[in-house]
Amino acid sequence: MPPILDIRGLRKSYDDGFEALKGVDLQIERGEILALLGPNGAGKTTLISTICGITMPSAGTVTAEGHDTVADYRAARSLIGLVPQEINLEPFEKVIKTVQFSRGLFGKPADPAHIEKVLRQLSLWDKKDSQIRALSGGMKRRVLIAKALAHEPRILFLDEPTAGVDVELRKDMWEIVAGLKADGVTIILTTHYIEEAEAIADRIGVIAKGELLLVEEKSALMARMGQKQLEVQLTEPLDAIPEALQSDKLSLSPDGSALIYTYDTRGERTGITQLLSKVAAEGLVLRDVVTRQSSLEDIFVGLVHEDAA
Amino acid sequence: MNWTAVKSIYIFEMTRFFRTIAQSIISPVLSTSLYFVVFGAAIGSRIDEVEGVSYGAFIVPGLIMLSVITQSISNASFGIYFPKFIGTIFELLSAPINFLEIVLGYVGAAATKALFIGTIILITAFFFVDISIAHPVAMVAFLILTCISFALMGFIIGIWAGNFEQLQLVPLLIVTPLVFLGGSFYSISMLPPVWQVISMFNPVVYLISGFRWAFFDTADVPILTSLLAIGAFTAICLGLIWWIFKTGWRIRE
């Protein structure tokens, strides 16, 4: 099946010469959750805005289910829902009215049953007649999601859905996203919380300075790029690393009870065998050996720095 | 055409208007009553008839125009500026609608509100002065055309404005003087010749004159000229909006 969203050579430059997007190619598969990771100013929001029609692309094309987002914008935009990063809501409007308005704006006939389903799904049904200004920040964010879902989009963009929300609400948000995926909605979310991408995404794209550095299955990315750590726990704590073992890959734990060896699974030789034989030669007695996989965060920081260098 | 979207915008805008309905009615009724008390009763009693009409009645068309023009502009400019200001404009831009539909929704609502207020002022006027309407159909047509054309102008101002000061600037510095000097309270023929010529460059003169003709069958300028003037003004506004639509000026980068 062709991708649900097909982005080819997408560029966005501004009059002052600033290039926010430098030719992005990205195919998004039906029903997946793609997380776009990137530091502030990487071009995540510009990418979303250009796909959704808020800004016009300077070059390149985007098609949603085969509909070009510029030439055939009505068909394309009908498929797409957008939850913006900022809480942009009319303060004096009632929750249900603003959600109904969003549905109408997308040209869909009124459907009270669908609106009720969306509001219940987001735990907003009790608040449906409240004015938006009376809601908490987390509730407002849910209203934004409800507005985006009001017209039954097949593709949903969530721009930093959990920026500035507390841990509990973040977990709620993840559950909401998982529920939408179960309903068959394709989700693209941006975040700079790596744990978020790690927790909910199927694929992860890393974007920096307007370029998509990579897009990969989350598990493959972590396996391929992952640096591992080997912790050699000793029975007798050391004051310093013995001369024979000195290496920039090896460090001593703060209490001296373990040697920590960092290695790359991609390397031809991990150096583990050599390390362990040296440890034995030094007469050190091992209590335990533990390996640890580095998190996405380390991968991400590594990638972005590599790019900057 | 996405008529559902047009209807949604229109209803959304009208809801906001009806939320503050008391203010919307009280303020024009009060200010019109004050005008009638001051100009109609106090000063007006010392002024002769103007073109065969008592002064109190003579100012009715001008007063209606004054309010309708101001209201059309402020409603339409605020209507589109507010989403820009609070950021909800993203929804308009990402929806499957074109600029024409956005304009129809916002301008339609702003014009309706202005028409509503114009009607209220007319009703209020009946309590103060005797007026008869010589050409009722033309009167309604002029009123509606004015509401639409100035709502279009307001829409342009709302798109252009970068802050609330700018939003007030054009109505305050340009529209109010044009309306006051456009013969709301006097007949152009009462002015010295030089000022009569200068007045001919004021588009509002044609509007008020035409509107007054619809009431009293007397006018400063021929009725056809008035119609042409308002038609040209509407065309200019539509042209500007079409250009904004083409270029995405101040809306879509």
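Everything that follows concerns the structure shown earlier in this document.
A brief structural summary. These numbers were taken from a predicted model, which means no experiment stands behind them. (Residues numbered from 1 in each chain as written. Chains lettered and ligands numbered in written order. Predicted model: local features only at pLDDT ≥ 70, side-chain atom pairs only at ≥ 80, totals over all residues. Heavy atoms only, no water.)

## Focus on the overall build of chain B
Right, so step 1: Across its full length, chain B carries 10 helices and 0 strands.
Right, so step 2: For chain B, the N- to C-terminal ordering of α and β elements is α-α-α-α-α-α-α-α-α-α.
Right, so step 3: Over its C-alpha atoms chain B spans a radius of gyration of 19 Å, differing by no more than 12% from the 18 Å that the globule rule assigns to 253 residues.
Right, so step 4: With respect to the three principal axes, the spread of C-alpha positions in chain B is 60 × 40 × 35 Å.
Right, so step 5: In chain B, which comprises 253 residues, the share counted as buried stands at 53%.
Right, so step 6: If you take every contact in chain B between residues at least 6 apart in sequence, the share linking residues at least 24 apart comes to 79%.
Right, so step 7: For chain B, the computed accessible surface area is about 11300 Å², with 73% contributed by carbon and sulfur atoms. (Helix = DSSP H or I, 4+ residues; strand = E, 2+ residues; numbered from the N terminus. Rg over C-alpha atoms; globule rule 2.2 N^0.38 Å. Buried < 20%, exposed > 50% of the residue type's maximum accessible area, 1.4 Å probe, protein only. Contact = heavy atoms within 4.5 Å. Areas by Shrake-Rupley, 256 points an atom, 1.4 Å probe, with all protein chains shown as cover.)

## Considering unusual backbone geometry
All names here are of chain A.
Right, so step 1: Phi angles above zero are rare outside glycine, and E160 is one such case at about 50 degrees.
Right, so step 2: As for its placement among the helices and strands, E160 is situated in the loop between β7 (155-159) and α6 (167-182).
Right, so step 3: For E160, a relative accessible area of 4% gives the class buried.
Right, so step 4: The phi dihedral of K209 falls on the positive side, at around 50 degrees, and the residue is not glycine.
Right, so step 5: Its location among the elements puts K209 in the loop between β9 (203-208) and β10 (211-217).
Right, so step 6: Residue K209 is classed as partly exposed on the basis of its relative accessible area, which comes to 49%.

## Quick notes on helix α1 (residues 44-52) of chain A
All names here are of chain A.
Right, so step 1: Most of α1 sits out of view: 8 of its 9 residues are buried.
Right, so step 2: Of all the residues in α1, the buried ones are K44, T46, L47, I48, S49, T50, I51 and C52.
Right, so step 3: G53 lies just past α1 and shows a positive phi near 100 degrees.

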